[in-house]
Every structure is written in C-alpha cells, then in structure tokens.
Amino acid sequence: MRYFIGNWKMFGVPKSVNILNKINSYYSRDKNRNKYRVVITPPYTLIESYSRYFKNKRILIGSQNCYQKEQFSSNTAAISPYMLKSVGAKYTLVGHSDNRGEGDTDLMLKDKVRYALNNNLKVVFCIGENKIEKKNKKTLSVLTRQLTKVLEKKFNRNNIIVAYEPIWSIGTGKIPTAHELKKTTIHIKKVLKRIFKKTSPAVLYGGSVDGSNIEMFKEIKEIDGFLIGGASKTSKKFIDIIKNYYR
Ligand code: PEP
C-alpha cells in the first residue's frame, strides 16, 4: 500500500472542500486506486465537517497534531486524540517539524503517539534533520535518536507510519538526491525493525514533493508514499503527483 498524505497546515475554510471533491473524484475513478490511500489533514476547524462529508467516500481525514493528554484536561485550546476521533479523524500527524520547533519534546511526542494509538488513530510520526545537522553529516544519528526516543516495541506498529521530512526541504523546493534518500530510508527501516522486532512500518518521504520531482522519488522502491504540503492545496497539483507516480 502506498500513501499520499496532504498536510494543509494553516489553510482552508469550509468551501475549500471543493479541492477535496476534485481529488476524491479522480481517486474514485483511478484504475490504480486500490494501490494507495489518500489522507488529507486540514486544520482542526474543518475536521468534523470534512469527515462527515467524506464518510462514505474514499478520502480519509486526519489532523495535523494532537495534545499529549488522552481525553479531557484543563489545557486551554488543547485538542486530544479522543476529541479528534469523536469527530471522525482517522489519522493524526505527530512531531511535524513546525511543532517540534514550537516546543514539542520527545517526551511529549511519546505521549501523543501513545494516546493517539489508544484512541484508534493511525499515527504519522514525522522525523527529520535540519540543515546544520545535514551539513555535519549527522542525519542518520539524528533520525535514529528521534525514532528510538519516542517509539516503543509495545506500540501497535500496524497503526504507525513514519514520515521522513528533512527540515531543509520543507517548503524550499530543495530535495535530497536519490542516492541519499535511498540510503536514509533504508536506515530508517532498519532502526524501525530493531525497535519493533518485526518488519518496519511504512516510511514516507515529505519535503517539496510535486508533480515533476515525483518521477525521481518513484524510483526509490523503499519509499511507501509521500507527505505533501504545498502541493496538496491545489487539486491539480495533488492529482498530478499521483498520476505521474503511476505513469
Ligand atoms: C510539510 O510541511 O509536511 C511538507 C512536506 O511541506 P512541502 O510539501 O510544502 O515541502
């Protein structure tokens, strides 16, 4: 199974559902549709209405984050995995570099993953090195640390997906070379196998993926799908990625 996950970040109002409608109608008719899954993570404000709207359609709705407590608490503006599940979210991102940058620690991320899994959300756990770490050839050790500090053998690996998103690549148009990316993905899968003592969960790539560079990414068979930011906010750009991937 391949994944095309669109992260809308701070984008979207109720009428933006039109974008998803177009993606959904392509997806429902695509002859390759059973080979992949499309998940969109709109902002919190749209999760309930979009989940209801797409309930019996193909697109799945997820959230971009969740709070590190399970159900209800006194934390102002926080939204728990239980609350997300109750309005129809099926997936949640955890550990996006935007949120790590705003203070999410490994300990907080571990609780987010645990509580999201307890509430039957599938977790897309994001990891990635920054520009300086890359320059200092620390990529693999940073990724190993990010994985081992948060993921545990007892977590249900069937509900975990890992998204490798180099921070220097997000929204910049810069992407790793095919050689680098293959090596990094193999490393991530090796670490995941070690943590879970079983086969690795799916590993996605994210960072400036678009309809033209997808040609290069599709050659790397170890990559199980993509986390797509900018190009997920336009139906044509998102559909082009899927079309060109299966061409
Ligand atoms: C992201 O923010 O998760 C992302 C991958 O963004 P972009 O595709 O715009 O680089």
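Bear in mind the structure is a predicted one, so any value in this text is a computation, not a measurement.

What counts and what doesn't
Residue positions are given per chain, counted from 1 along the sequence in the order it is written. A pLDDT threshold of at least 70 governs which residues receive local features in this predicted model, and a stricter bar of 80 or more applies before side-chain atom pairs are shown or counted, although totals over entire chains, interfaces and linings include all residues. Heavy atoms throughout the structure, all of them, feed into the side-chain values; hydrogens and water do not. Secondary structure follows DSSP: runs of H or I at least 4 residues long count as helices, runs of E at least 2 residues long count as strands, and numbering of each begins at the N terminus. What the globule rule says is 2.2 Å times the number of residues to the power 0.38, and the radius of gyration is computed from C-alpha atoms. Relative accessibility thresholds used throughout: buried, under 20% of the residue-type maximum; exposed, over 50%; partly exposed, between the two (1.4 Å probe, protein chains only). Throughout, a residue-residue contact means that at least one pair of heavy atoms, one from each residue, lies within 4.5 Å. Every accessible area reported is derived by Shrake-Rupley at a probe size of 1.4 Å, with residue values counting cover from the shown protein chains alone. Within this scheme the basic residues Lys and Arg register as positive and the acidic residues Asp and Glu register as negative, but His and the chain ends are omitted. One atom stands in for each charge, and that atom is NZ of Lys, CZ of Arg, CG of Asp or CD of Glu. Distances are taken per atom, and a residue is near a molecule or strand as soon as one of its heavy atoms is within 4 Å of it. A 3.5 Å cut-off defines polar contacts: any pair of N or O atoms within that distance qualifies, except that in protein one atom must be a possible hydrogen donor and the other a possible acceptor, and neighbouring residues in sequence count only when both atoms are side-chain atoms. Buriedness of a pocket was judged along seven lines, with at least five required to meet protein on both sides within 12 Å; pockets are open sets of points on a 1 Å grid over the protein atoms alone, cavities are sets where a 1.4 Å probe fits but cannot get out, and lining residues have an atom within 4 Å of a point. Any molecule with more than half of its atoms within 2 Å of a cavity's or pocket's grid points is counted as sitting in it. The pairing criterion is simple: DSSP has to find at least two bridges between the two strands. Every axis corresponds to a line fitted to the C-alpha atoms, with the helix fit spanning only the stretch in contact, and the corresponding angles, defined between N-to-C directions, vary from 0 to 180 degrees. For the purposes of this section, nonpolar cores are sets of buried Ala, Val, Leu, Ile, Met, Phe, Trp, Tyr and Cys residues that join through side-chain atoms within 4.5 Å. The predictor's confidence in any single residue is recorded as pLDDT, a number from 0 to 100. A right-handed crossover is one whose linking path, passing over the helix from the first strand to the second, runs clockwise when the strands point away from the viewer.

A. Quick look at the overall build of the chain. On a plain count of helices and strands, the chain comes out with ten helices and eight strands. A compact globule built from 247 residues would reach a C-alpha radius of gyration of about 18 Å, and the chain, at 17 Å, matches this within 12%. Taking the principal axes of the C-alpha coordinates as reference, the chain spans close to 50 × 45 × 30 Å. The 247 residues of the chain split such that 54% are buried. Restricting the contact set of the chain to residue pairs at least 6 apart, pairs at least 24 apart contribute 71%. In the structure as shown, the chain presents an accessible area of about 12000 Å², 52% of it carried by carbon and sulfur atoms. The average position of the 47 basic charges and that of the 19 acidic charges among the side chains of the chain differ by 4 Å.

B. Structural detail: the site of the ligand. Of all residues adjacent to the ligand, which total 14 residues, the nearest are Lys9, Glu165, Gly171, Ser208 and Gly230. In this structure, an oxygen atom belonging to the ligand sits 2.9 Å away from a side-chain N or O atom of histidine 96. Within the backbone of glycine 230, one N or O atom sits 2.8 Å away from an oxygen atom of the ligand. Within the complex, the protein chains bury 96% of what would otherwise be the 300 Å² of accessible surface of the ligand. Taking a 2 Å distance to the grid points as the criterion, the majority of the atoms of the ligand fall inside the second largest pocket.

C. Inspection of the sheet that holds strand E3 (residues 60–63) at higher detail. Read around the barrel, eight strands follow the order E1-E2-E3-E4-E5-E6-E7-E8 and close on themselves; strand pairing throughout is parallel. Adjacent strand axes in the sheet meet at a mean angle of 25°, parallel and antiparallel pairs treated alike. Where E3 and strand E4 (residues 91–94) come together, two bridges link them in parallel fashion. What sits directly across from glycine 62, in E4, is tyrosine 91. Sheet contacts for helix H7 (residues 139–150): strand E5 (122–127) and strand E6 (160–164); angle to E5, the most-contacted strand, approximately 145°.

D. Fine view of the nonpolar core. Formed by 57 residues in total, the largest nonpolar core has its most connected members in Phe125, Leu147, Leu151 and Phe226. With six residues, helix H8 (residues 178–196) is the largest single contributor of residues to this core. Of all hydrophobic cores here, the second largest spans twelve residues; its members include Tyr91, Cys126, Ala202 and Leu204.

E. Structural context of the confidence of the model for the chain. Per-residue confidence for the chain gives a mean pLDDT of 98; residues scoring 70 or more make up 100%. Looking at the elements of the chain, mean pLDDT is at its lowest for helix H9 (residues 214–217), recorded as 96, and at its highest for E5, recorded as 99.

F. Fine view of the pairing of strand E2 (residues 36–41). Counting buried positions along E2 gives five out of six residues, so the element sits mostly inside the fold. Note that strand E1 (residues 2–7) and E2 share six bridges and pair parallel. Among the inter-strand pairings, tyrosine 3 is bridged to a residue of E2, identified as arginine 37. For the crossover from E1 across helix H1 (residues 17–29) to E2, the handedness is right-handed. As paired strands, E2 and E3 are joined by two bridges and run parallel to one another.

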